[in-house]
Amino acid sequence: MINSPESTESKALEISIVIPIYNERENLTLLDEKITQSIKPLKKEYEVILVDDGSVDGSADLIRKLKNGNPHLRLIRFGRNHGQTAAFAAGFSKARGNIIVTMDADLQNDPADIPLLLEKINEYDVVCGWRHKRNDPWIKKLSSKIANAVRNALSEECIADTGCSLKAFRRTCFKNIKLYNGMHRFFPTLMKMEGFSVTQVKVGHYPRMHGYSKYNIRNRLFASFKDLLAIRWMKKRQINYDIIEED
């Protein structure tokens, strides 16, 4: 849930880009450059919130240096690793933008695709990136395909790529959302349950140049299965009613 104090004290920006960081030092300089190249031509006020999720490779030190040359950057640093959902939640709580964009720091998401999401956000509340041509090892492609199929089947969804972090949300989407560990995988479903409209657009996907993936079959499929069952339970138990008269 987005907290309000900082939002009301600071002038609202148009776009907040929230990016979890966990040992991604080698990617940060290029990430900063690509975001600037992609967002600056839009002539919109924006900020980039980099949430250091307990990195031990000096990522925070480099972010501080990058901040000296780029006033759009903001740093949130955890004392230890808390996970991707926690990093997103911390970023959302400090975001000042009317539109919140999420993405990974590994450059497999291309910041150049952010404008594609922003074009659709005028028509929908949530725009999900769809990596229709994956550039991953075959085992990762297979595990993602299985994970997406299982999630969609059990949650009664039709999102082609729930694992893609590149998404755009209207700020109001997070007003009543309470996040728990692992829930970042189910953002589209959670938003639909709150009555928001969701769509998806095709985006690029690129090989990782530096660092290593933090996910494998064990934490991609099995660790998220309990979360999926929780989401299924929430959907089945969701309260719905219609008032036809009130005096």
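Reading guide: rules and limits
- The residue numbers shown here count from 1 along each chain, following its written sequence.
- It should be noted that, the model being predicted, local features are given only for residues of pLDDT at least 70 and side-chain atom pairs only at 80 or more, the latter also being counted only at that level, while totals for whole chains, interfaces and linings use all residues.
- To get the side-chain values, take all heavy atoms of the structure and skip hydrogens and water.
- Two rings belonging to Phe, Tyr or Trp (six-membered ring only in the last case) form a pair when the distance between their centres is within 6.5 Å. Interplanar angles under 30 degrees mark stacking, angles over 60 mark edge-to-face geometry, and anything in between is tilted.
- Working definition: helices are DSSP H or I runs of at least four residues, strands are E runs of at least two. Numbering for both runs from the N terminus.
- For each residue, the accessible area found with a 1.4 Å probe, counting protein chains only, is set against the maximum for its type, and the residue is called buried under 20%, exposed over 50%, and partly exposed in between.
- Our definition puts a charge over a ring when NZ of Lys or CZ of Arg is within 6 Å of the ring centre and also within 35 degrees of the ring normal.
- Within this document, salt bridges are pairs made up of a side-chain nitrogen of Lys or Arg and a carboxyl oxygen of Asp or Glu, the two lying within 4 Å of each other.
- By construction, the arc corresponds to the directions joining the helix axis to the C-beta atoms.
- Contacts are assigned to residue pairs with any non-hydrogen atoms lying within 4.5 Å of each other.
- Whether two strands pair depends on DSSP finding at least two bridges between them.
- Axes here refer to lines fitted to C-alpha atoms; in helices the fit is confined to the stretch in contact. Angles between the N-to-C directions go from 0 to 180 degrees.
- Values of pLDDT, which run from 0 to 100, indicate the predictor's confidence residue by residue.
- Put simply, angles under 35 degrees are roughly parallel, angles over 145 are roughly antiparallel, angles from 65 to 115 are roughly perpendicular, and the rest are oblique.
- What makes a crossing left-handed is the near helix being turned counterclockwise from the far one by less than a right angle; a clockwise turn instead makes it right-handed.
- Each residue receives one of three labels: charged for Asp, Glu, Lys and Arg, nonpolar for Ala, Val, Leu, Ile, Met, Phe, Trp, Tyr, Cys and Pro, and polar for the others, Gly being one of them.
- Working definition of a nonpolar core: buried Ala, Val, Leu, Ile, Met, Phe, Trp, Tyr and Cys residues. They are joined through side-chain atoms within 4.5 Å.

With the rule as written, the count across this model stands at 7 aromatic pairs. Here the aromatic rings of Phe174 and Phe187 are separated by 5.9 Å at their centres, their planes lie at 85 degrees, and the arrangement is edge-to-face. Here Phe174, found in the loop between strand S6 (167-170) and helix H7 (187-193), pairs with Phe187, found in helix H7; they are 13 residues apart in sequence, far enough to count as distant. Given a relative accessible area of 2%, Phe174 falls into the buried group. Every member of this aromatic cluster is reached through a ring pair, and the members are Phe88, Phe92, Phe169, Phe174 and Phe187. One residue, Lys202, lies across the ring of Trp130, its end atom 5.4 Å from the ring centre.

All right, on to the pattern of salt bridges then. What the rule picks out here adds up to 5 salt bridges. Across the pair Glu47 and Arg96 runs a salt bridge, and its minimum N-O distance is 2.8 Å. Pair noted here: Glu47 is in strand S2 (residues 46-52) and Arg96 is in the loop between helix H4 (84-94) and strand S4 (97-102), with a separation of 49 residues, a long-range link. Beyond isolated ion pairs, a larger network of salt bridges with shared partners links Glu47, Arg74 and Arg96.

Of the positions making up helix H3 (residues 59-69), those classed as buried are Ser59, Ala60, Leu62, Ile63 and Leu66. Viewed end-on, H3 has its buried residues packed into an arc of 155 degrees, placing them on one side of the element. Away from the buried face of H3 by more than 90 degrees, exposed residues Lys65 and Asn68 are located. In this structure, the buried side of H3 is in contact with strand S1 (13-21), helix H2 (25-39), S2 and strand S3 (73-77).

As a further point, take the sheet that holds strand S5 (residues 126-131). Spatially, 7 strands are ordered S3-S2-S1-S4-S6-S5-S7 in an open sheet, and the strand pairing comes out mixed. Two strands lie at the open edges of the sheet, namely S3 and strand S7 (198-203), each paired on one side alone. Taken over all neighbouring pairs, the strand axes of this sheet differ in orientation by 20 degrees on average, direction set aside. Here 5 bridges tie S1 to S4, and the two strands are oriented parallel to one another. The partner of Ile15 across the bridge, within S4, is Ile99. Contacts from H3 reach S1, S2 and S3 within the one sheet, and its direction differs from that of S3 by about 155 degrees.

This part is about the confidence of the model for the chain. Mean pLDDT over the chain works out to 82, with 74% of the residues at or above the 70 mark. The low-confidence segment residues 4-10 (pLDDT under 50) makes 7 contacts with residues lying over four places distant or belonging to another chain.

So, about the packing of H2 against H3. Taken N-terminus to C-terminus, the directions of H2 and H3 make an angle of 20 degrees; their axes are 9 Å apart at the nearest point. With respect to each other, H2 and H3 are oriented roughly parallel. Considering the relative orientation of H2 and H3, their crossing is right-handed. For the pair H2 and H3, contact is made by Arg25, Leu28, Thr29 and Asp32 and by Ser59, Asp61, Leu62, Ile63 and Leu66, respectively. A breakdown of the residues in the contact of H2 with H3 according to their chemical character gives 4 nonpolar, 2 polar and 3 charged.

Here we come to the nonpolar core. Among the nonpolar cores identified, the biggest contains 30 residues, and Ile17, Ile19 and Val101 are the most heavily contacted of them. Taken together, the elements giving at least two residues each to this core come down to S1, H2, S2, H3, S4, helix H5 (114-120) and S7. Sequence-distant contacts of Val101, defined by excluding residues within four places in its chain, comprise Ile15, Ser16, Ile17, Val18, Ile114, Leu118, Leu166, Lys167 and Ala168. Ile49, Phe88, Ile159 and Ile177 belong to the second largest nonpolar core, which has 27 residues in total.

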